[in-house]
Amino acid sequence: MRIQFMLNGSSETVDAEADTRLINVLRERYHLIGTHASCYSGECGSCIVLINGEIFHSCMTPLFRVRGMRVTTIEGFAKQHAYKEVLAGFREAGLSPCRFCAAGRILTTHALLEISPNPGEEEIAEYYRAIKCRCTDFRTYLKAVQYTGRLRRNRHRVS
């Protein structure tokens, strides 16, 4: 099956079985290893990518689901200004996620702030739970999201 989609801003076409997992294509064909393959059940969150701006567990996403869509990995997101804002918010809060969950934490923070520029504690908690890693406590993540949100709101006021 031929599947065309946008990957980090580039048009791509892949010939693969329809049920091939997106994580496998990202890592094996495109060598995008910032997206980790761990649980293959959508539980851990180390495989999170953005599809049309929403978070998805790429280990659970069959390739055919991304036909005609925009897929953004941490490597693609790292080229955007918003990436620097998330990192600045993390630094301000003292949040230093491990290599296992960093990409997922960064992408989920961005996705949350895109839909809710000033999220409440419950919204932040929902996104925090998308990733199962013990390196980050909720209170520190809460502060990181709040700092990042403040940075973005300030940038939008200036623009």
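Here we summarise the structure given alongside this text. Fair warning: this is a prediction, and the values are worked out from it, not measured in the lab. (Residues numbered from 1 in each chain as written. Predicted model: local features only at pLDDT ≥ 70, side-chain atom pairs only at ≥ 80, totals over all residues. Heavy atoms only, no water.)

**A few points about helix H1 (residues 22–29)**
Listed as buried for H1 are Leu 22, Ile 23, Asn 24, Val 25 and Leu 26. Buried-residue contacts for H1 involve strand S1 (2–7), strand S2 (10–15), strand S3 (48–51) and strand S5 (70–72). Positive phi shows up at His 31, right after H1, with a value of about 55°. (Buried < 20%, exposed > 50% of the residue type's maximum accessible area, 1.4 Å probe, protein only. Helix = DSSP H or I, 4+ residues; strand = E, 2+ residues; numbered from the N terminus. Contact = heavy atoms within 4.5 Å.)

**Some details on the nonpolar core**
Here is a general trend for soluble globular proteins: nonpolar side chains tend to be buried in one another's company. Counting 29 residues, the largest nonpolar core has Ile 74, Phe 77, Phe 90, Ile 106, Ile 124 and Tyr 141 as its most contacted members. Elements with a minimum of two residues in this core: S3, helix H2 (74–77), helix H3 (81–93), helix H4 (102–115), helix H5 (121–128) and helix H6 (138–158). With 6 residues, the single largest contributor to this core is H4. The residues contacting Ile 124, other than those within four sequence positions of it, are Leu 112, Pro 119, Phe 138, Tyr 141, Leu 142, Val 145 and Gln 146. One finds Ile 3, Val 14, Leu 26 and Ile 51 within the second-largest nonpolar core, a separate group that totals 15 residues. (Core = buried A, V, L, I, M, F, W, Y, C linked by side-chain atoms within 4.5 Å.)

**Observations concerning the side chain of Asn 24**
When you line up the elements, Asn 24 lands in helix H1. Within the structure, the side chain of Asn 24 is placed 3.1 Å from the side chain of Tyr 40, a separation counted as a polar contact. Non-local contacts of Asn 24, meaning those with residues more than four positions away in its chain, are made with Arg 29 and Tyr 40. (Polar contact = N/O pair within 3.5 Å; in protein donor to acceptor, adjacent residues only side chain to side chain.)

**Some points on the pattern of salt bridges**
Within this structure, the stated rule accounts for 5 salt bridges. Between Glu 85 and Arg 152 there is a salt bridge whose closest N-O contact spans 3.1 Å. Separated by 67 residues along the polypeptide, Glu 85 in helix H3 and Arg 152 in helix H6 bring together distant segments of the chain. The salt bridge involving Arg 139 is made with Glu 121; its shortest N-O contact spans 3.0 Å. In this pair, Arg 139 sits in helix H6 while Glu 121 sits in helix H5, placing the two residues 18 residues apart along the sequence. A single salt-bridge network, built from bridges that share partners, covers Glu 85, Glu 114, Arg 152 and Arg 155. (Salt bridge = Lys/Arg side-chain N within 4 Å of Asp/Glu carboxyl O.)

**Details of the state of the cysteines**
Scanning the model with the defined rule gives 0 disulfides in all. Between Cys 39, a free cysteine, and Cys 44, which holds the nearest cysteine sulfur, the sulfur-to-sulfur gap is 3.7 Å. No disulfide involves Cys 98; its sulfur sits 3.5 Å from the nearest other cysteine sulfur, which is in Cys 133. (Disulfide = S-S within 2.5 Å.)

**Examining the pairing of S2**
Sheet topology places S1 next to S2; 6 bridges connect them, and they run antiparallel. What sits directly across from Gln 4, in S2, is Thr 13. With antiparallel pairing between neighbouring strands as the criterion, S1 and S2 make up a hairpin whose turn holds 2 residues, including Asn 8 at a positive phi of roughly 50°. (Pairing = 2+ DSSP bridges.)

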